[in-house]
Structure formats: C-alpha cells, structure tokens
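Survey of secondary and tertiary structure
Letter by letter, the chains look like this.
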Amino acid sequence: MFAEFACLSNFTFLTGASHPEEYVTRALELGIAALAIADENSVAGIVRAHAECRGIARQVRERQDWNRQNTPIGPPPPEGIAPPLSFPICDAPRLIPAARLIFSDAPEVIALPVNRAGWGSLTQLISTGRLRAEKGSCLLHIADLLEFAEGLHLLLLPQTEHGLSGAGGWGPHMDGLTRRFAGRMHLLMAPAYDGGDQTRFAQLADLARHLNLPPLASAAPKMHHGSRRRLGDVLSAIRLRCKVETLGRAAMANGEQRLRSEAEMRRLFRGYEDAVDNAARLAEQLNFSLDELRYDYPDEGRGSETPLQRLRRLAEEGLQWRYPGGAPDKVRSLLEHELALIGKLKYDPYFLTVRDIVAFARSRGILCQGRGSAANSVVCYCLGVTSVSPELGTMVFERFVSEARDEPPDIDVDFEHERREEVIQWIYERYGRHRAGLCATVIHYRGKRAIREVGRAMGLTEDTISALSSQLWGFFSAKGVEAERMREIGLDPGSRRLQLTMQMVEQIIGFPRHLSQHVGGFIITQGRLDELVPIENATMEGRTVICWDKDDIDTLGILKVDVLSLGMLTCIRKAFDLLQQHHQLDYSLATLPPEDPAVYNMLCRADSIGVFQVESRAQMNFLPRMKPRHFYDLVIEVAIVRPGPIQGDMVHPYIRRRNGEEPVHFPSDALGEVLGKTLGVPLFQEQAMQIAIVGAGFTPEQADRLRRSLATFKKHGNVSEFRSLFLRGMARNGYDTEFSERCFSQIEGFGSYGFPESHAASFALLVYASAWIKCHHPGIFACALLNAQPMGFYAPAQIVRDAREHGVDVRPVCINNSYWDNVMEPDGHGGLALRLGFRQVKGLRDEDAAWLTAARGNGYTEVEDVWRKAGTPPPVIERLAEADAFAALGLNRREALWAAKAITARKPLPLFARELEGEGIYEPEADLPQMGLGEEVVEDYVAMRLSLRAHPVALLRHLLTPQNRGGGAEGGPGD
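Owing to the predicted nature of the structure, the values given are computational and were not obtained by experimental measurement.

Below, the discussion takes up the packing of helix 21 (residues 597-604) against helix 31 (residues 757-776). Helix-helix packing is characterised by the crossing angle of the two axes and by the distance between the axes. The geometry of helix 21 relative to helix 31 is characterised by a closest axis approach of 9 Å and an angle of 95° between their N-to-C directions. Classified by the angle between their axes, helix 21 and helix 31 sit roughly perpendicular to one another. Contacts between helix 21 and helix 31 involve Ala598, Val599, Tyr600, Met602 and Leu603 on the former and, on the latter, Tyr768, Ala771, Trp772, Lys774, Cys775 and His776. Residues of the contact of helix 21 with helix 31, tallied by class, amount to nine nonpolar, one polar and one charged.

For side chains bearing opposite charge, pairing can occur when the charged atoms are close. Applying the stated rule across the entire model yields 58 salt bridges. With a shortest N-O distance of 3.3 Å, Glu108 and Arg100 are connected by a salt bridge. Since its relative accessible area comes to 27%, Glu108 is described here as partly exposed. Arg266 is paired through a salt bridge with Glu262; the nearest N and O atoms lie 3.2 Å apart. Of this pair, Arg266 and Glu262 are both found in helix 8 (residues 262-268), four residues apart, which corresponds to roughly one turn of the helix. Overall, Arg266 belongs to the partly exposed group, its relative accessible area being 26%. Glu262 sits in the partly exposed class, given a relative accessible area of 28%. One salt-bridge network, in which partners are shared between bridges, spans Glu300, Arg302, Arg310, Arg355, Asp356 and Arg430.

It is worth spelling out the packing of aromatic side chains at this point. Counted by the stated rule, this structure contains 17 aromatic pairs. Each ring, one from Tyr350 and one from Phe351, has its centre 6.0 Å from the other, and the planes form 90°; the classification is edge-to-face. The exposure class assigned to Tyr350 is buried, which follows from its relative accessible area of 0%. Judged by its relative accessible area of 1%, Phe351 is buried. Arranged with centres 5.4 Å apart and planes meeting at 50°, the rings of Phe726 and Phe744 form a pair that is tilted.

The next subject is the side chain of Asn787. In this fold, Asn787 is placed in helix 32 (residues 778-787). The class of Asn787 is buried, set by a relative accessible area of 5%. In this structure Asn787 touches Glu418, Lys574, Asp821, Asn822 and Arg839, once residues within four positions along its chain are discounted.

What follows deals with the nonpolar core. By size, the foremost hydrophobic cluster in this structure holds 149 residues, and its most contacted members are Phe5, Leu101, Leu112, Leu145, Phe351, Ile427 and Trp548. With eight residues, the top contributor of residues to this core is helix 12 (residues 348-363). Aside from chain neighbours lying at most four places away, what touches Leu145 is Leu101, Phe103, Val109, Leu125, Leu152, Leu154, Leu177 and Phe181. Core analysis: the next-biggest nonpolar cluster, separate from the first, contains 100 residues, Val614, Phe763, Ile799 and Ala883 among them.

What follows deals with the side chain of Asn892. Inspection of the secondary structure assignment puts Asn892 in the loop between helix 36 (874-882) and helix 37 (893-901). By relative accessible area, Asn892 is classed as buried at 14%. Within polar-contact distance, the side chain of Asn892 engages the backbone nitrogen of Arg894 at 3.1 Å. Reaching out from Asn892, the side chain makes a polar contact with the backbone nitrogen of Glu895 at a distance of 2.8 Å. Among all residues touching Asn892, those that are not within four sequence positions of it are Asp884 and Gln930.

Of the consecutive residues Gln789 and Pro790, the connecting peptide bond is found in the cis state with omega at 5°. With respect to the secondary-structure elements, Pro790 resides in the loop between helix 32 and helix 33 (796-805). You will see that Asn41, though not glycine, has its phi angle at about 50°, which is positive. Checked against the element boundaries, Asn41 lands in the loop between strand 2 (34-37) and helix 2 (46-69). A positive phi angle, close to 70°, is found at Gln613, a residue other than glycine. The residue Gln613 is located in the loop between helix 21 and helix 22 (617-626) in this model.

Attention now moves to the sheet that holds strand 19 (residues 823-826). Spatially, 18-20-19 is the arrangement adopted by the three strands of the open sheet, whose pairing is mixed. Each edge of the sheet is formed by a strand with only one pairing partner; in this case those strands are strand 18 (809-811) and strand 19. The average angle at which neighbouring strand axes cross in this sheet is 40°, direction not considered. Here four bridges tie strand 19 to strand 20 (residues 832-835), and the two strands are oriented antiparallel to one another. What sits directly across from Pro826, in strand 20, is Leu832.

For the pair helix 34 (residues 846-855) and helix 35 (residues 863-870), the least separation of the axes is 9 Å and the interaxial angle reads 95°. Here helix 34 lies roughly perpendicular to helix 35, going by the angle between them. In this structure, helix 34 contributes Trp851, Leu852 and Ala855 to the contact, and helix 35 contributes Val866, Lys869 and Ala870.

Before going further, it helps to examine the sheet that holds strand 2. The parallel open sheet is built from three strands, whose spatial order is 1-2-3. Single-partner strands in this sheet number two, and they are strand 1 (3-7) and strand 3 (94-95). Pairing geometry for strand 2 and strand 3, over two bridges, is parallel. Of the residues in strand 3, the one forming a bridge with Leu35 is Leu95. Running at roughly 90° to strand 1, helix 9 (residues 273-285) makes contact with strand 1, strand 2 and strand 3 of the sheet.

Per-residue confidence for the chain averages 84 on the pLDDT scale, and 86% of its residues sit at or above 70. This stretch, residues 394-404, has a pLDDT under 50; its non-local contacts, to residues over four places away or in other chains, come to 31 contacts. The low-confidence segment residues 911-920, where pLDDT is below 50, has nine contacts with residues more than four positions distant or belonging to other chains.

With that settled, the discussion passes to the pairing of strand 2. Two faces belong to every sheet, and in a regular strand the side chains alternate between them. Both faces of strand 2 are covered, namely the face carrying Ala34 and Ala36 and the face carrying Leu35 and Ile37. Relative to strand 2, strand 1 is paired through three bridges, and the arrangement is parallel. Among the inter-strand pairings, Ala3 is bridged to a residue of strand 2, identified as Ala34. Remark: the strand 1/helix 1 (residues 20-30)/strand 2 crossover connection has right-handed handedness.

Next up on the list: helix 37. Since the α-helix turns once every 3.6 residues, residues separated by three or four places project in the same direction. Arg893, Ala896 and Ala900 are the residues of helix 37 that are buried. Down the axis of helix 37, the buried set is contained in an arc of 70°. They therefore lie on one face. Residues of helix 37 that are buried in the fold lie against helix 35, helix 36 and helix 39 (933-944). Structurally, the start of helix 37 carries an N-cap: the backbone nitrogen of Arg894 is 3.1 Å from a side-chain oxygen of Asn892.

About the cut-offs
Residues numbered from 1 in each chain as written. Predicted model: local features only at pLDDT ≥ 70, side-chain atom pairs only at ≥ 80, totals over all residues. Heavy atoms only, no water. Axes fitted to C-alpha atoms, helices over the stretch in contact; angles between N-to-C directions. Helix = DSSP H or I, 4+ residues; strand = E, 2+ residues; numbered from the N terminus. Parallel < 35°, antiparallel > 145°, perpendicular 65-115°, else oblique. Contact = heavy atoms within 4.5 Å. Nonpolar A, V, L, I, M, F, W, Y, C, P; charged D, E, K, R; others polar. Salt bridge = Lys/Arg side-chain N within 4 Å of Asp/Glu carboxyl O. Buried < 20%, exposed > 50% of the residue type's maximum accessible area, 1.4 Å probe, protein only. Phe/Tyr/Trp six-rings, centres within 6.5 Å; stacked < 30°, edge-to-face > 60°. Core = buried A, V, L, I, M, F, W, Y, C linked by side-chain atoms within 4.5 Å. Polar contact = N/O pair within 3.5 Å; in protein donor to acceptor, adjacent residues only side chain to side chain. Pairing = 2+ DSSP bridges. pLDDT = per-residue confidence, 0-100. Right-handed = clockwise from strand over helix to strand, strands pointing away. Arc of directions from axis to C-beta.

In structure tokens form, the structure reads like this:
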C-alpha cells in the first residue's frame, strides 16, 4: 500500500494548512498505510500525529473486540467504544517520524530515522541548527548532515517551487553523500500541478538515473484536503505580511497539493509507477516508532546509595524533623506504603530531583511550596517539598501514583517570583544544558488574534477589524459573530469579503501560531536530552527549550518537574524576614500557629484585601457565607469559587447543606465515601473521576481520559463526549436520570476550570499564612506586599489605605529616611510605622535609590545636596520632588521642584560648589503659592499612584450628598 513521506503540517507555522491529526484521519479514509509528517527543521507536530494513530488503533481494537462478541446484525456498539469513523474498519495508519531539513548551502532533504540511533541523529542535527540561531530560526549546513548521519535515510529534493535546480543542486555534494549514505537515499518526485508534470517527471527520472538513486513518489501535500486551499493562502499572506490579493506566485495555484490515495498517485505518476512502489517498499523498511523512545530519568543516587535507599534515608530524617515527639503509627505506615509503591514503579529518582531542587532553594533562603497530585503525600511532607500535612487530605496515594494507571507523578513547586531564575539557572548548571530544558507551549490562534491577522490578510480596514474584535469575549465561540450583532456595529453581514473572512477565522481557530516556553516545566534526562528531542534557544537569555509541550511529553510518558513562580511566596518570605528583624520571631510555613480563631474571625468578616486567593470580590462575598473555622474550610473555599464549580451549580447546594438549610444525603454508600467530606457536592477533580468510576462504571483508562479533558486551562476540552457513556453507566448502576444529569453537569463544569484537592490544600496553607500575618502584623504584611509588587488584585493605593484602616502608621517617601524597599521603622511610641520606599516613585530605578541612600550620610539638607553628594541626575531629582520626597527639609512640592529645575548640569560644577568657592551664585527666592489639598492628592497619584493625604472621593463627597445633588432631604429621590 502507498505511503506518503512529505506531509507539511501547520507546525511549519503559517505554511501548512492542516493539523497533524487531520492528516492521520484523512490517511485512514484514503487507505494510506503509512505517512510521515515532515515539517521544516522541526518535529514539533509529530507527537500529535503519533497520539492520533495510537488513539485510532485503540478504537479499532475496541470495535473489533466488540464485533467478535456480538452478531453482525446486533445493536450498534455503545458510544465511547465505537470509533467516530464513517468508513469500514481497517488498520490504523502508521506514523513515520521525519523532518524536512533546510540548508544554507544545499537543497532540501527529508530525513527519516531508520532506528532509535537515527532518531537521535535527527534531533541532534536539528538542535545544532537551532542553537546557533535565534529563537524560531534554524541555521543548518550540509556538513552538519554528514556529521549526524547515523541511522538516517534521506529523500533528496532537487526541485524548487518553479522547477529543477540545475543538476538537482546536489552535484557538489554527491560524493560525500554517496559515501555517507550508501544505500540510504532516494530522490523525491513530486508534482507541481501546473500542467508540466510529465515533462518534470521525465527530467527527475533522468536525474535519478544520473545520480544512481531510486525515485520515490510523493504528493508533497500542504493540506489534508483541498478545501483548505483558501486557508493556505491566508496563512501565506499572514506570513509574508501582505494581503491575499497581492500574494502573486506565493499563492496556491489550485487545491491539488493535498493528501492523495494510492489510486490517485498511480494516475498522476502514470509511466513512473515504480516511484509509487518504492514509497511502499521504503515504508516497510522504516519501522522506527516514537513508542521506542525510552526516557531515562537521572539516577539521583549518591555514592554507594541507590536512589531508593537515599530516598528512604531522607524520608526517615524528615519524619524525625516533622514529628520531633515521634510520628503517629498511621503516618509511619503511610510512609512505608508510599515508599514501597514508589520503589516498585521506579519513581524514586523523580522524588529525589524535586527534593534536591527544594533543598537548593532553601539553602539560598528562597521560599518554596510544593503542590500537585503527588505533592500531598507523606514522602513529600517529610522531604520538605510541601508543608501541608498529608493527614488533611482525603485522597489516597494510589489515586496519583498508581501501578494500574502507569502515569508519572505530578509535583509542581512554586518559588518566589523574584528569585525563581536562580533556581532555573542552578538546574541548568547542575544537569547541563545537554540534559535539561524547558517544555514548549504552543501558542494557538484564538478569537481576537485570529480576527486581527486574518482580517488584515483579507484586506479589511482597521476600523472593521476593531469593531469585529470588540464583539468577542474570551475564546471564539462556535457561532462566531452573529449577523445581527454585525449590523449593530455598522457592518454588512452580506458582504462577500466579510463572509469569507469569518469563514477563514473559524478555520484558523486552534491553529498553532508559534512556540513559546512553558512557565516552568523542566525535562531532565540521564543521557543527552538532544538525543530525545531537539533543543533550541528561548527568547529569554540563558534559557533553552524543547519543541514539545506538556501534552506531548505526557503522551510519551516523559517526566516533567514544574518550577513555577508565585508572588505571594515572595510576600510571605519578606514578611518572615521582617518578623525576624523587628520581633525576633522565626516562622516558616510549617511552624505558624495553627487554627488561630482570630485569623478565621478576620476572614469571616471578609477582611481579606491582599490575602492569597481570597482577595477577589467574589471571594469576599463568599467568605461571610462560608464562615471558615478550620483549615479544611479554606481548602474548600479555594476550590469552590471557581468558574467550574460555579457553572456546575455546586456553590449554593454546598452552602445550603453547610448551613443546615438542606439535608445532606447520598444516593448510595459508594458515592457517600467519595463525596462525604464535601457534603455530597463534587468540588474537586479527583471526586469527578471517582464519580465516573464508582457511579458510572468507567474503566481506569476512560476515567483518565475524562481527567485529561478536565485539565486546568485545557484549551481543547472534550468532556462532553463522555456524556452518553456516563449517563448510560449511571442508569445501569441504578441512579435516576435527574441525578445523573446533575452529576454530569457538575462534572462538566470542571471543563472550564476545576481544582484538584491536592492543589487546593497547598494553596489553602498560603491563604492561612498570609491571613495570619495580616491579622497579627498588618503593618509588616502591607510592607511585604508592597515590596513584592507587581502581584495580586490591588494597587498600592488600596493596600496602603487598608493598612491605615488597620491602625498602621504609614509615612511618606522621605529623602532622608526612605530606602528602595518599604521598611518598618520605630514610630516613637513603642510600635512600628510603615515608611514608604523609593520603589513607590514612578520612573525611579533601584540603582538610583542605591546611590542616593549610600551617599546621604547624616542626611541631606537641601535639594542640591542630592546632586552634589550622590551624583543623582537632575531628571531623577525632579521625580523625587514631584513625589514630595523633600518635605522633611521644610520644602513643599513646588519649592523642591523649583530647586530641582535649577540644576541643569548632570554633574556639579566647581563654580557653583559651595565647598570650593565659599559663596555660590544664587537666585532670589521665588514666592511660590502652596498647593491646595486637591492639587497635592492629584500630584501624589501622578508621582506614586497613591496618596497619604486624602482619598480622591473625599474631595468630592460634599458634592455627592443628597442636599447638594438636588435630591432633597435624606431618604428622598436623590438618596
């Protein structure tokens, strides 16, 4: 059967017009036995095609198994088992990994790995070209191909877009290629669909004989189906930054450059059928599959200790650290159970890597906190990865690290957002860039970007594009922008150009636009990472990334360590430092006084500005209704105020049951065990999976597919495809339809945003820690929060106002008392006051503040002193004057600004230096009027985005009273 070796997917960005998965599905329809996704200098889309092949093969097996157990005339197979295919069952197409290599000094080739060594050669070759170029580019030379030739089969491409490149362009290189690739080369023949293909085929056949190479036929498809021709032209216009109507020769001449069946290929290559046969023969020789990739995790042993022995030793040491009075028997038995399971599944090196990263961070004083499905375990608690006691959770360890699921554990570690880069660079330094790299993130087209770029390519005006874009909220909906809405914004929905534009927008949604770097997912290997996947430079200096995203590595079973950042950790660490400095209190996340009633009282009042996770208006509205009194209440609080639970109508039933307004009942004892702790309402992703298994009879594999569709931030969620399977299973187990519908509706809510219990527990600890600091030390909390900006919901003005409402003495920026950071200083009454730092002044850099504070000695006495002593440039002095930083010198804002404007030179001149001349040249003092309160407040906000003088509304309040609005007496119409 025919095999296609030159499919160009949309991972050749803005060129290919079809997803890799679409090629696989179309190949199945056309009866193509094998195909290669060969993108330019990339293997980024191969795993998606591989997953599709694997998924179709699984569905075909399920369908065949069902057919063997049922009569041919029997009922159709249940939904969820039958493959969603409209053609007879046949073997799934086989994916041949490949890449199209573009050289700077030779024509293109398609490289095909013959075996595992060949795959390593291909990935190292691509890495070589990408690491010597900027992000998104690749610079390859023919010498690189000769260096990394082991295990590769080549398809030479002598054609250009407009014909043959003389002698195929391979003349100068053939001697080297022949020696290096003896018996491992074909010459590719592909039609141009321009009426001259027979002549071209004759020339290519002559060239193949001249080079002594067997010819190989290919349709050279850029799309899986001819209907994508228009989209292909739009992509080219976006790539070339022009309009479709001006593409010229860059446009597709027709829709023929598509995937073709064997019959079509034999018709196209009539007289050259041997080239078609050669494709089938070559496919039989190339048996390498991505399933052969064996990911070897770093050993992480030390000396004579095996990884498991080292893990056990560290866990035992941590057990004594966590439980100095002796660990409970339950915890000890859990630890033994987890260590045995980890050892059996050989995940001990993974836990050691996470532990070593956390240990490095703590050695540098970097606050961190682990979370994730496997993080809330006794092992991670003992290793110091998390500070949340595993006894608080309800889910057993096997739900996350399971022999049956055969899935890698999931541990995310959050670090202070200002210092995470230290951790990242340590990982690169420890393992080497040849063994460690960040995952990619595929940036896909979404509504607004699709309208902007497609609209420009289609020639729409900027006003029209802006009008269309303004009608989209979030992702592009299935209906797009409706005709009636178009009329409302002054557009004609009957316009042919507008209709075509919206069709193209709908098609391009979900297309990859380019690769970016993952927020912190590290792949670390024992051997060379570039023999597993190509490595390339990231935009950020000092970082290298791979070309696969987290879904791809999940498909291949590759472990990932997430090194993430969290602003609240920066805030809490700075607060701990201030508590140590001013109160000699040495706290950590694990040693804060637990279950403090005063903290819960504060949260019940919704006094939570700045508190992690519960500072939004929605959370503030929910806190008095929830009335948290225990830590697990915070776990639920974090998880319940989310789009998923809200859309699934879980919030009100939970509150009614919690307040005793509605009885707590369970439809069965089995579901009662799953939902008992959340009063019968599913709030966590783990519960959604358990409902599917216990209630609907899902297999572990089906439940895992459901879990994947519920993944947070999933852009292509497909949870609804499980609906019929779920309802049928619930009915089979005796649950009524109404309850089943409600259950699935709640589960479906997680498709938008659901939260795992393990994540909620880790976040709840940070909620409690930040709330405890705010409750007992509001000044220190505000100081740390301001020093950790930008983060959170609230601007510095709101943070300062809230601190003052809690009795904190907040003092303004002062040229003689402020530092770069906000600090706590004695208030003269035995307490502490919050002194605003220079970081609050807009346009001021920390370098300027460092010079200013280092040179002030016993203090500055006038504006000019700052210029003379610290060498501060006049523009910086003007910013300080605008921020009223010279008020302590007896100068109001205008006087200080006047003095700052008088300094014109960047450095002091001897003529004007009082030390050198004894007397300077002085202008007479200007009589500057004092600013009014309103002017001062406005200038404060201009310079610092906050004011300690008054709230802006306070200046207008007398105008907003009923009497002054013409509303009459209190309680009248104007009230």
